[in-house]
Amino acid sequence: MNQEIEHSYLPISGLKLHIAHIGKGEVGTLLFVHGFPEVWYSWRHQMVAAAAAGFRAIAPDLPCYGLSEPPANLAQASWECLMESLLAILDCLAISKVFLVAKDFGVKPAFDLALCHPERVSGVVTFGVPPLLESLGFSGLPEGFYIYRWRPGRAESDFGRFDVRRIMRTIYILFSRSEVPVAKEGQEIMDLVDESTPMPDWFSEEDLSAYTNLYETSGFITALQIPYRTKPAKAEYAKPRFEMPMFVIMGQKDYILKFAALKDYMSSEKLKEIAPDHEITYIPEGSHFVQEQLPELVNQLMIDFLREQSSKGVAQLDKVTV
């Protein structure tokens, strides 16, 4: 499937940043932003489909992930650096404007880029997370909540019991479920999945090997630094409002919908205020990894949105030209 996808390294902020890319971009360019425990490979299906539809698709491994270098001092890793890395990719490749496609914690740098540099963003597609100006928080969750358990020390001990392949296998099984991962007292997150539990039928041994190879390069502890161990700083932007069209694809069985604050926010007036041009589509059987689970449906939804927005952009340009 991936024989058409090419790979390059860019010098970004003194680090070698790995990007996967495909397509000529006759219609436009997409910049994909992964989450945890993902890497560029998470977008393989969408990249190929986007290229076939006339788009150029670029998917970096964010710093600390996959084939990209981490900073020499992990304490230097920051949310601001993630947004700056995305902007630097555009500048390095001489791309004036893109559509952003992001999921999981990758929405934070994508949203920051859209807010701080709206002239560089044609539209935003997100998976599992609606437009946000700041985190909604995780109040009311027990001590065994996975994010609490992945703070320094305990995660190292938990993950250190297993090899990379077993860890990745466990995470994909666990986070494909519709329940929020929570360990009991005296239990660790990696113990929530038995070794005999089958993987989701859409996640193959080949996929597991691809992730394993990439995480054997980066390790898990460096990858945990940004989403779970670094406090997000509020970006500095002129307007607290998204000026571009936003499209949210939600898996209805994504465990994230169990967070009460998110459910309330998604039907609130606040969301309408900050993102007046947004649309949310629910996929009934979709999990947290819906773009890998149901790629054909996701690709069609994503490309339909992108084509519609691209055609609007051309029409507006024609009006200006006339």
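Residues numbered from 1 in each chain as written. Predicted model: local features only at pLDDT ≥ 70, side-chain atom pairs only at ≥ 80, totals over all residues. Heavy atoms only, no water.

Peer 1: Help me get a handle on the nonpolar core, residues and values and all.
Peer 2: Within the largest apolar cluster, 115 residues are counted, with the highest numbers of intra-cluster contacts made by Phe36, Met47, Trp150 and Phe242. For this core, the leading source of residues is helix H6 (residues 164-175), giving eight residues. Setting aside anything within four residues of it in sequence, one finds methionine 47 in contact with Ile5, Ala20, His21, Ile22, Phe32, Trp40, Ala57 and Ala59. (Core = buried A, V, L, I, M, F, W, Y, C linked by side-chain atoms within 4.5 Å. Buried < 20%, exposed > 50% of the residue type's maximum accessible area, 1.4 Å probe, protein only. Helix = DSSP H or I, 4+ residues; strand = E, 2+ residues; numbered from the N terminus. Contact = heavy atoms within 4.5 Å.)

Peer 1: Pulling in residues and values, what's your account of the environment of arginine 151?
Peer 2: Among the secondary structure elements, arginine 151 is positioned in the loop between helix H4 (146-149) and helix H5 (154-159). The exposure class assigned to arginine 151 is partly exposed, which follows from its relative accessible area of 43%. Separated by 78 residues in sequence, arginine 151 and arginine 229 place their C-alpha atoms 6.2 Å apart. What arginine 151 contacts, discounting residues up to four positions off in sequence, is Glu156, Tyr228 and Arg229.

Peer 1: Quick one: what's the story with helix H2 (residues 79-92), residue by residue and with numbers?
Peer 2: With 14 residues, H2 extends 20 Å from end C-alpha to end C-alpha; this agrees with the ideal 20 Å at 1.5 Å per step. Regarding H2, the residues found buried are Trp79, Leu82, Met83, Ser85, Leu86, Leu87, Ile89 and Leu90. Once H2 finishes, alanine 94 follows within two positions and takes phi at roughly 55 degrees, a positive value. (Expected span 1.5 Å × (residues − 1).)

Peer 1: Kindly report on unusual backbone geometry, identifying the contributing residues and their values.
Peer 2: For residues besides glycine, phi is generally negative; the peptide bonds are generally trans as well. With an omega of 5 degrees, the peptide bond running from phenylalanine 36 to proline 37 counts as cis. Residue position: proline 37 is located in the loop between strand S3 (28-33) and helix H1 (44-52). Phi at cysteine 64 is positive, roughly 85 degrees, even though this residue is not glycine. On the secondary structure map, cysteine 64 appears in the loop between strand S4 (55-60) and H2. For cysteine 64, a relative accessible area of 2% corresponds to the buried category.

Peer 1: Could you give an account of the packing of H2 against helix H3 (residues 107-116), naming the residues involved and the relevant values?
Peer 2: Between H2 and H3, the least distance of the axes is 9 Å, while the angle of their chain directions is 65 degrees. Judged by the sense of rotation from one axis to the other, the crossing of H2 with H3 is right-handed. Seen from H2, the contacting residues are Trp79, Leu82, Met83, Leu86, Leu87 and Leu90; seen from H3, they are Lys108, Pro109, Ala110, Asp112, Leu113 and Cys116. Its residues placed into classes, the contact of H2 with H3 shows 10 nonpolar, no polar and two charged. (Axes fitted to C-alpha atoms, helices over the stretch in contact; angles between N-to-C directions. Left-handed = near helix turned anticlockwise from the far one by under 90°. Nonpolar A, V, L, I, M, F, W, Y, C, P; charged D, E, K, R; others polar.)

Peer 1: Quick one: what's the story with the UniProt feature "domain: AB hydrolase-1" (unreviewed entry) in the chain, residue by residue and with numbers?
Peer 2: When the UniProt feature table is mapped onto this chain, "domain: AB hydrolase-1" (unreviewed entry) is found at residues 29-134. Structurally, residues 29-134 is divided into 31% helix and 23% strand, and its ends, taken at the C-alpha atoms, are 27 Å apart. (UniProt positions renumbered as here; feature names shortened; annotations may be inferred.)

Peer 1: Account for the packing of aromatic side chains, with residues named and values stated.
Peer 2: One pass over the full model with this rule turns up 35 aromatic pairs. Aromatic pair tryptophan 150 and phenylalanine 175: ring centres 5.9 Å apart, planes at 35 degrees, arrangement tilted. Within this pair, whereas tryptophan 150 is found in the loop between H4 and H5, its partner phenylalanine 175 is found in helix H6, the two being separated by 25 residues in sequence. When sorted by exposure, tryptophan 150 lands in the same class as phenylalanine 175, which is buried. Measuring from centroid to centroid gives 5.1 Å for phenylalanine 247 and phenylalanine 305, while their planes differ by 20 degrees, and the two rings are stacked. One end of the pair, phenylalanine 247, is in strand S7 (residues 246-251); the other, phenylalanine 305, is in helix H12 (residues 295-321), with 58 residues separating them in the sequence. Pair check on accessibility: phenylalanine 247 and phenylalanine 305 agree, each one buried. Sitting over the face of the ring of tyrosine 9, lysine 16 holds its NZ or CZ atom 4.9 Å from the ring centroid. (Phe/Tyr/Trp six-rings, centres within 6.5 Å; stacked < 30°, edge-to-face > 60°. Lys NZ or Arg CZ within 6 Å of the ring centre and 35° of its normal.)

Peer 1: Summarise the pattern of salt bridges; cite the residues concerned and give the values.
Peer 2: Taken as a whole and assessed by the stated rule, the structure comprises 20 salt bridges. Residue arginine 165 pairs with glutamate 205 through a salt bridge whose shortest N-O separation is 2.7 Å. With arginine 165 in helix H6 and glutamate 205 in helix H7 (residues 205-218), this pair connects stretches of sequence that are 40 residues apart. For glutamate 269, the salt bridge identified is with lysine 272, shortest N-O distance 3.3 Å. Here lysine 272 and glutamate 269 lie together in helix H10 (residues 269-274), a separation of three residues that amounts to about one turn. Within the structure, one salt-bridge network assembled from shared partners comprises Glu143, Arg149, Arg154 and Glu188. (Salt bridge = Lys/Arg side-chain N within 4 Å of Asp/Glu carboxyl O.)

Peer 1: Let's hear about the sheet that holds strand S2 (residues 15-22): which residues, and what values?
Peer 2: Hydrogen bonding along the main chain pairs the strands of a sheet, whether they run parallel or antiparallel. Strand order in this open sheet of eight strands is S1-S2-S4-S3-S5-S6-S7-S8, and the pairing throughout is mixed. This sheet does not close on itself; its edge strands, each paired only once, are strand S1 (6-12) and strand S8 (278-283). Ignoring which end each strand starts from, the neighbouring axes of this sheet average 20 degrees apart. With six bridges joining them, S7 and S8 adopt parallel strand pairing. Residue pairing across strands places phenylalanine 247 opposite glutamate 279, the latter belonging to S8. Sitting on the sheet, H2 touches S1, S2, S3, S4 and strand S5 (98-103), and the angle it makes with S1 is about 110 degrees. (Pairing = 2+ DSSP bridges.)

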